[in-house]
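Fold and contact review
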Amino acid sequence: MSADLIDGKAFAAGLRERVGEVAAAFAKAAGRKAGLAVVLVGEDPASQVYVRNKGRQTIACNMESFEYRLPAGAQEAELLELVERLNRDPAVDGILVQLPLPHHMDELKVIAAIDPDKDVDGFNVVNAGRLAVGQPGFVPCTPLGCMMLLKDRLGDLSGLDAVVVGRSNIVGKPMAQLLTAASCTVTVAHSRTRDLPEVVRRADIVVAAVGRPQMVKGDWIKPGATVIDVGINRVPAAGEGKTRLVGDVDFDEAAKVAGAITPVPGGVGPMTIAVLLRNTIVAAHRNEKIALEEGSL
Ligand SMILES: Nc1nc(=O)c2c([nH]1)NC[C@@H]1CN(c3ccc(C(=O)N[C@@H](CCC(=O)O)C(=O)O)cc3)C=[N+]21
């Protein structure tokens, strides 16, 4: 391996530290802690682990965590009612409804019900629109975390060729907009892109977010490029019933060619939750009309 490792886990720990300090000062100024509400529908074991981790980290950052669980069979109307209640609750600054939802629920409808100024996931169309036109709003946590890692590594990104592999609403599209706003020349590639390896080989910055284990190969990477791997795929591993996590990039191959690369786990994943906490403390300052010092996060 010749690439430098981009340590998302360490960067996320530093970000949580800063969020914790800002949140302590907020609690003093506002006379209450900032609050994040997380809603989980159903009993998916992986989702339960994530929700528990979010709650723990929220509390560790001097904020209040509110957890709500609905059974997998709950009606959509029940969830919408809960979201409305959280919208009105002044102790709640941020609302996250864990996705995916059960199939009988309309995710777009549920996300649309969240007050855009409490939508710390940045999934509401109002926040997508704000990002598209460059207004302040909430930016989805995973792409914002990727941008933080890129700027920390590369500084000014202007003029660089960036290729985003994947066009989802939660990663690919907002990622492309953030890179465009940072003056990169951006290509959005996906499963139907012709000669994908050739397209990726042009990139100074590769962001892989397609959800296909180890799809991006070493010979797709321009020597010295910066590779951000958003994929989190659980695959079978050696040993009876064993599994392991791999990204969308073939790490061992790509690390021989890239200038820098994020690992999975320990790369983008931990950044997602740290940025969620960052977005929540930003929301709290806006809700209480307390100024947040530029550069304190
Ligand atoms: N409304 C909503 N917002 C989300 O942000 C959201 C969601 N729904 N549904 C599920 C996905 C998934 N997600 C992850 C967050 C952190 C890690 C993470 O910290 N991963 C660790 C490894 C964790 C492990 O070992 O399983 C890592 O990459 O190092 C992974 C995945 C947020 N999501």
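Residues numbered from 1 in each chain as written. Predicted model: local features only at pLDDT ≥ 70, side-chain atom pairs only at ≥ 80, totals over all residues. Heavy atoms only, no water.

Looking at an unreviewed UniProt entry, the protein carries the name Bifunctional protein FolD, with the source organism given as Novosphingobium marinum. Taken from UniProt, the Subunit (unreviewed entry) comment for the protein reads in full: "Homodimer." (UniProt positions renumbered as here; feature names shortened; annotations may be inferred.)

1. Some remarks on the environment of E21
Summarising the element assignment, E21 is placed in helix α1 (residues 8-30). Its relative accessible area of 52% is what places E21 among the exposed residues. In this structure, the C-alpha to C-alpha distance between E21 and P90, residues 69 residues apart in sequence, is 22 Å. (Helix = DSSP H or I, 4+ residues; strand = E, 2+ residues; numbered from the N terminus. Buried < 20%, exposed > 50% of the residue type's maximum accessible area, 1.4 Å probe, protein only.)

2. Quick word on the UniProt feature "binding site: NADP(+)" (unreviewed entry) in the protein
Under the local residue numbering, the UniProt record ascribes the feature "binding site: NADP(+)" (unreviewed entry) to G166, R167, S168 and I232. Relative to the elements of secondary structure, G166 occurs in the loop between β5 (161-165) and α7 (172-181). Here R167 shows up in the loop between β5 and α7. Apart from residues lying up to four places away in sequence, R167 is in contact with G172, K173, V188, H190, S191 and R192. Only 3.4 Å separates the side chain of R167 from the side chain of H190, close enough to count as a polar contact. (Contact = heavy atoms within 4.5 Å. Polar contact = N/O pair within 3.5 Å; in protein donor to acceptor, adjacent residues only side chain to side chain.)

3. Let's talk about the sheet that holds strand β4 (residues 94-97)
Taken in spatial order, the three strands of this open sheet run β3-β2-β4, and their pairing is parallel. Two strands bound the open sheet, and with one partner strand each, they are β3 (64-70) and β4. Strand-to-strand, the axes of this sheet are offset by a mean angle of 15°, without reference to chain direction. Docked against the sheet, helix α10 (residues 268-288) engages β2 (35-41) and β4, running at close to 130° with respect to β2. (Pairing = 2+ DSSP bridges. Axes fitted to C-alpha atoms, helices over the stretch in contact; angles between N-to-C directions.)

4. A word on the site of the ligand
What surrounds the ligand is a group of 16 residues, the closest being V97, L99, D121, P265 and G266. A distance of 2.9 Å is found between a nitrogen atom of the ligand and a backbone nitrogen or oxygen belonging to V97. Across the complex, the protein chains shield 74% of the 680 Å² of accessible surface that the ligand would expose by itself. Elements supplying a minimum of two residues to the shell around the ligand: β4 and α10. (Near = heavy atom within 4 Å. Areas by Shrake-Rupley, 256 points an atom, 1.4 Å probe, with all protein chains shown as cover.)

5. Looking at the side chain of D229
Inspection of the secondary structure puts D229 in strand β8 (residues 226-229). It turns out D229 is buried and unbridged, and the closest side chain with the opposite charge, R244, is 11 Å from it. Among the polar contacts made by the side chain of D229, one reaches the main-chain amide nitrogen of D248 at a distance of 2.8 Å. Excluding anything up to four places from it in sequence, D229 contacts A208, G247, D248, V249, T262, V264 and V268. (Lys, Arg positive; Asp, Glu negative; His and termini not counted. Salt bridge = Lys/Arg side-chain N within 4 Å of Asp/Glu carboxyl O.)

6. Here's the deal with helix α3 (residues 76-88)
Taking 1.5 Å as the rise per residue, α3 with 13 residues should run 18 Å; its terminal C-alpha atoms sit 19 Å apart, in good agreement. Of all the residues in α3, the buried ones are E76, L79, L80, L82, V83, L86 and N87. An end-on view of α3 places all buried positions within 160° of arc, on one side of the element. For α3, the exposed residues lying more than 90 degrees away from the buried face are E81 and R88. Buried positions along α3 lie against β2, β3, β4 and α4 (107-113). (Expected span 1.5 Å × (residues − 1). Arc of directions from axis to C-beta.)

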